[in-house]
Amino acid sequence: MRSRVAALAAAITVLFAAPAQAAPPANQLYYTVTVSYQSAPENLWEIATRFLGDASRAGEILDLNAGRVQPDGDRLADPGDLTAGWQLLLPWDATGAELHNGPLPAGAGSSSGCARSSDTPAEASWAQTLLTPSRAWPVTNGAGVKVGIVASGVDGSAAELAGRVAPGADVVAGAGRGDVGCEVAGTNLAGIVAGDDDTFGVAPGARIVPVRAGNQARSAATGISVAVAAGAKVVLLGVGADASDADVRAAVSDAISRDVVVVTPAWAKGEAADGLLRVGAIGADKQPAFPYAAESVDLLAPGTGVTSIGGVVSGDEYAAAYVAGTVALVRAAHPGLRAADATRQVLSTTTDRLVNPVAAVNTALPAGVGVNAAAAPPSSGLGTLSRVLLWIAVALAVLLLLPFLLRRPARMVTGVARRRWALRQAQRARARLTADHDDPFWEAPVSGPGRS
């Protein structure tokens, strides 16, 4: 399975290289592709060089336009394969005489080509009214965070997700994108996570990484791994796979170990773990849709009769989408926060187990976590600096006392050495005196006859 994941990840790496971009405004910079430029077919690298002064920013142009339906009904997928007449959105700082500034022309791909119901009752927006995620947006709207949605795929051309759906991957086919087609379930999940409609959308600045996967455990596990490889910091499992299956469990554990938060619906039956959030649905009456066991659900969220792209939906997976959007807000507000700490922040700010996006973003992190890590009390009574200063003081004290402590032993050693030296000198002198027999001073005097 890992080789398949690696192949899919390698195929989509270029599509995730650029940072996430917010939805384009009504007045925007765009360029109409021509047949050729300087006698050569146009491509994104050349366009980036011409209007942005940097060929490496081609990824930004790709991000802004990937998934949008062009006037001929096609979509941009290959940076080197452009069609004359396409309108390409460009970053705000692009400059050039050939650029246009204003609303895209009619038929330029600003809306989805998928048929959707427009009959959505007003009361279906109760979830947005209950959670009021817009109150967290002055702090962050989720920009910079990628949310992988492992489901049926996402309609990347949906107006409510404009410019914020990456091409993704198709695990079922083994190749291709996850943002093409009119998949309903995955698009509805994406709408709740990152839609910018007034009636739905928790983190409208987040970027969606759509991974089309089947309900089989192996396919779902591969989808999770592909989303992680694509750079998702939050992964929402939206397919009907059993999260207690060995393959899915291993993929979830691997994702958490790579600092990714995984969110699953209650019916997935996942096992409790730091970095994993299991979500049950409530209705407009704030009552759980099912009698969830405390050990199988970590928190609750709106999921019965809620609105999203194209209509009203119900299910634990849509409740999980609200939580995935909340995690995206938290991770955007605290970029250095680890996955386990992000889940604890979400759980610790719930109200009667109901997810609370505003509190999750605005509540200060506990001591020792994220930006407050420096404020955490040390594990012992002395901090690192105190321990260093203590050892320096001890060393100075020893250096000051050492001469006094060693004075008497030094005198004793010096005295013994002097006595031994004197004794050796005396012994050498005596040896010289007794061994010198030629010295006349030691000869016996001559006496007796013959002495004159």
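Above this text you will find the structure in question.
Residues numbered from 1 in each chain as written. Predicted model: local features only at pLDDT ≥ 70, side-chain atom pairs only at ≥ 80, totals over all residues. Heavy atoms only, no water.

**Q** Sorry, what's going on with the overall build of the chain here?
**A** When you go through the chain residue by residue, the secondary structure sums to eleven helices and twelve strands. Residues classed as buried in the chain amount to 46% of the 452 residues present. In the chain, of all internal contacts separated by at least 6 residues, the share reaching a separation of at least 24 is 71%. Accessible surface, the chain as shown: approximately 22,100 Å² in total, 58% of it carbon and sulfur. (Helix = DSSP H or I, 4+ residues; strand = E, 2+ residues; numbered from the N terminus. Buried < 20%, exposed > 50% of the residue type's maximum accessible area, 1.4 Å probe, protein only. Contact = heavy atoms within 4.5 Å. Areas by Shrake-Rupley, 256 points an atom, 1.4 Å probe, with all protein chains shown as cover.)

**Q** It is not clear to me how helix α9 (residues 339-348) should be interpreted in this structure. Could you clarify?
**A** Since one α-helical turn is 3.6 residues long, residues separated by three or four positions face the same way. In terms of burial, α9 is largely enclosed, as seven of its ten residues are buried. Residues of α9 that are buried make contact with β8 (261-265), β9 (276-282), β10 (299-302), α8 (316-333) and α10 (357-362).

**Q** Would you mind showing me how to read the pattern of salt bridges here?
**A** Side chains that carry opposite charge are capable of pairing whenever their charged atoms lie near each other. Across all of its chains, the model carries 16 salt bridges by this definition. Close ionic contact of D93 with R57 constitutes a salt bridge, the shortest N to O distance being 2.8 Å. With D93 in the loop between β2 (87-89) and β3 (100-102) and R57 in the loop between α2 (44-52) and α3 (58-65), this pair connects stretches of sequence that are 36 residues apart. Close ionic contact of D274 with R344 constitutes a salt bridge, the shortest N to O distance being 3.0 Å. Taken together, the residues span a long stretch of sequence, with D274 in the loop between β8 and β9 and R344 in helix α9 at a distance of 70 residues. Judged by its relative accessible area of 47%, D274 falls in the partly exposed class. Members of the salt-bridge network, linked through shared partners, are E42, E46, R50 and E98. (Salt bridge = Lys/Arg side-chain N within 4 Å of Asp/Glu carboxyl O.)

**Q** When you look at the sheet that holds β3 in this model, what are you seeing that I'm missing?
**A** By way of backbone hydrogen bonds, the strands of a sheet pair with one another, either parallel or antiparallel. Taking strand neighbours across the sheet as the criterion, the three strands line up as β2-β1-β3 in an open arrangement whose pairing is antiparallel. Strands with a single pairing partner mark the edges of an open sheet, and in this sheet they are β2 and β3. Adjacent strand axes in the sheet meet at a mean angle of 40 degrees when their direction is disregarded. In terms of strand pairing, strand β1 (residues 28-32) meets β3 through three bridges, oriented antiparallel. Across the sheet, L29 pairs through a bridge with N101, a residue of β3. (Pairing = 2+ DSSP bridges. Axes fitted to C-alpha atoms, helices over the stretch in contact; angles between N-to-C directions.)

**Q** Any chance you could explain the pairing of β9 here in plain terms?
**A** Remember that side chains alternate between the two faces of the sheet whenever the strand is regular. Within β9, seven of the seven residues are buried, which leaves the element mostly enclosed by the surrounding structure. Burial along β9 is two-sided: the residues L276, R278, G280 and I282 and L277, V279 and A281 are all buried. Here β8 runs beside β9; their pairing, made up of four bridges, is parallel. Residue V263 lies in a different strand from β9, and its bridge partner there is L277. Taken together, the four bridges between β9 and β10 define a ladder with parallel strand orientation. Its bridge partner lying in β10, I282 is registered against P302.

**Q** I would appreciate a short explanation of the side chain of T349 in the present structure.
**A** For T349, the location among the structural elements is in the loop between α9 and α10. Engagement of the side chain of T349 in a polar contact is seen with the backbone oxygen of Q345, the distance being 2.8 Å. There is a polar contact of 3.2 Å between the side chain of T349 and the backbone oxygen of V346. Apart from the residues within four sequence positions on either side, T349 is in contact with N356, A359, A360 and T363. (Polar contact = N/O pair within 3.5 Å; in protein donor to acceptor, adjacent residues only side chain to side chain.)

**Q** Is there a simple way to explain the side chain of R278 in this structure?
**A** Checked against the element boundaries, R278 lands in strand β9. Here R278 is in contact with T264, G270, E271, A272, E295, S296, V297, D298 and L299, once residues within four sequence places are set aside.

**Q** Help me out: how do you make sense of α3 in this one?
**A** A large share of α3 lies buried, amounting to eight of its eight residues. Listed in full, the buried residues belonging to α3 are A58, G59, E60, I61, L62, D63, L64 and N65. Summarising the contacts, the buried residues of α3 are in contact with α2, β2 and β6 (207-212).

**Q** How should I be thinking about the pairing of strand β4 (residues 146-151) in this particular structure?
**A** Counting buried positions over the six residues of β4 gives six, a clear majority of the element. Judged by which residues are buried, β4 turns out to be covered on both faces: K146, G148 and V150 on one side and V147, I149 and A151 on the other are all buried. Relative to β6, β4 runs parallel, the two being bridged by six bridges. Bridged to V150 within β6 is V211. Where β4 and strand β7 (residues 234-237) come together, four bridges link them in parallel fashion. Looking at β7, one finds that V147 is bridged to V234.

**Q** Would you take a moment to explain the environment of S308 for this structure?
**A** Structurally, the position occupied by S308 is in strand β11 (residues 306-308). In this structure S308 comes out as buried when scored by relative accessible area, which is 2%. Sequence spacing of S308 and G195 is 113 residues, and the spatial spacing of their C-alpha atoms is 8.0 Å.

**Q** Where do I start with the packing of aromatic side chains in this structure?
**A** For any pair of aromatic rings, the description rests on two quantities: the centre-to-centre distance and the angle between the ring planes. Tallied over the entire structure, the rule returns two aromatic pairs. For the ring pair Y31 and F51, a centre distance of 5.0 Å and an interplane angle of 50 degrees mean the geometry is tilted. Of the two residues, Y31 is situated in strand β1 and F51 in helix α2; the sequence distance between them amounts to 20 residues. Under the relative-accessibility criterion, Y31 is labelled buried at 3%. Taking relative accessible area as the criterion, F51 reaches 3% and is therefore assigned buried. Relative to Y292, the ring of F290 lies with its centre 6.1 Å away and its plane at 75 degrees, an arrangement referred to as edge-to-face. Assessed through its relative accessible area of 18%, Y292 is described here as buried. A cation over a ring is seen here: R50 above Y37, with NZ or CZ 3.6 Å from the ring centre. (Phe/Tyr/Trp six-rings, centres within 6.5 Å; stacked < 30°, edge-to-face > 60°. Lys NZ or Arg CZ within 6 Å of the ring centre and 35° of its normal.)

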